[in-house]
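In case you want the letters, here they are:
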Amino acid sequence: ASGTVINAAGGAIGPAAVVGIHAHAASGVYFKGSGVVSNAGTIDGVDLNGGGTITNAQGGSIDGSTGFFRFSGVEVAGDATVANAGVIQGLAMLSGSGVVTNQASGSIVSYSNGVSFGAPGTLANYGLISGMTGVVLEVARDTLINAGTIMGSQSVGNYLPGPGLAVAAVGGYLYNQSAGSLI
């Protein structure tokens, strides 16, 4: 089933909250179908199983780093549009095609990949993306437009020591604009 969630500033949605058609123990918001999520408060992870739209406003926080084996702040199985002006803690992963816009005030910070697409996608970054690998371009038609900062970490605690990559590209297009930094 599909649905809509609006979480206003000061609001909080934690794990296993009864949202949409099904409560999911690992995510604050889980839809079995497509969904629309607008957040200006705090949500412990968003999982849209049928695609949809996620808007995380400045001051909003979507945190997928809480709990055991949680890596995804935003996980979408299907086509999606994600607009972030706040903080997404944990991987932003789209299994379908889509568009992710990380605005100047936005940050996506992860222990694994910052942003990853499973089908052709477009990422426009004007803020900060950081992870073991900042961005993964896996499909020949992926596009990354960067006017912000994308960082690959040197290590993640004691678990994954070693060098990180700002961008790992199997294919696709990378446009690093004059204001962009790949570290």
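Residues numbered from 1 in each chain as written. Predicted model: local features only at pLDDT ≥ 70, side-chain atom pairs only at ≥ 80, totals over all residues. Heavy atoms only, no water.

Caption draft 1: Molecular detail of the overall build of the protein. Counting secondary structure elements, the protein contains zero helices and 25 strands. Sorting the 183 residues of the protein into buried and exposed places 47% on the buried side. Carbon together with sulfur atoms contributes 57% to the accessible area of the protein, which is approximately 7,900 Å² in total. (Helix = DSSP H or I, 4+ residues; strand = E, 2+ residues; numbered from the N terminus. Buried < 20%, exposed > 50% of the residue type's maximum accessible area, 1.4 Å probe, protein only. Areas by Shrake-Rupley, 256 points an atom, 1.4 Å probe, with all protein chains shown as cover.)

Caption draft 2: The environment of A169, seen in detail. With respect to the element layout, A169 can be found in strand β23 (residues 165-169). You can call A169 exposed: its relative accessible area is 54%. Sequence-wise, A169 and E138 are 31 residues apart; in three dimensions their C-alpha atoms are separated by 6.2 Å.

Caption draft 3: Focus on the nonpolar core. By size, the foremost hydrophobic cluster in this structure holds 29 residues, and its most contacted members are V29, V37, V46, I54, L123 and V135. Of all the elements in the fold, those that place two or more residues in this core are β3 (29-31), β6 (46-48), β9 (72-76), β10 (80-84), β12 (91-94), β15 (113-117), β18 (133-137) and β23. Setting aside chain neighbours within four positions, we find I54 in contact with V37, V46, L48, I62, V74, V76, T81, V82 and A83. (Core = buried A, V, L, I, M, F, W, Y, C linked by side-chain atoms within 4.5 Å. Contact = heavy atoms within 4.5 Å.)

Caption draft 4: Looking closely at the pairing of β10. Residues A80, V82 and N84 line the buried face of β10, whereas the alternating positions T81 and A83 sit on a face that is not buried. Strand direction decides the pairing type here: strand β7 (residues 52-56) and β10, joined by five bridges, are parallel. Each bridged residue has a counterpart across the sheet, and for N56 the counterpart in β10 is N84. Examined bridge by bridge, β10 and strand β13 (residues 98-102) share five bridges and lie parallel to one another. Pairing of V82 across the sheet is with V100, part of β13. (Pairing = 2+ DSSP bridges.)

Caption draft 5: Inspection of the confidence of the model for the protein at higher detail. Chain-level statistics for the protein give a pLDDT mean of 81 and a share of 84% at 70 or above. Within the model, pLDDT remains below 50 along residues 17-25, and this stretch shows 21 contacts once partners closer than five positions in the same chain are excluded. Low pLDDT (under 50) marks residues 155-162, which in the prediction has eleven contacts with non-local residues, meaning those over four places away or in another chain. (pLDDT = per-residue confidence, 0-100.)

Caption draft 6: Geometry of the sheet that holds β6. As summarised here, the arrangement of the seven strands in space is β3-β6-β9-β12-β15-β18-β23, forming an open sheet in which the pairing is parallel. The sheet is open, and its two edges are formed by β3 and β23, each paired on a single side. Each strand of the sheet is rotated relative to its neighbour by a mean of 5 degrees, with strand direction disregarded. With three bridges joining them, β6 and β9 adopt parallel strand pairing. In the sheet register, L48 faces β9, and the bridge partner there is V76. (Axes fitted to C-alpha atoms, helices over the stretch in contact; angles between N-to-C directions.)

Caption draft 7: Representation of the environment of G33 in the model. You can see G33 is positioned in the loop between β3 and β4 (35-39). A residue is classified by how much of its surface remains accessible, and G33, at 13% relative accessible area, is buried. Considered as a pair, G33 and G51 are 18 residues apart in the sequence and their alpha carbons are 7.1 Å apart.

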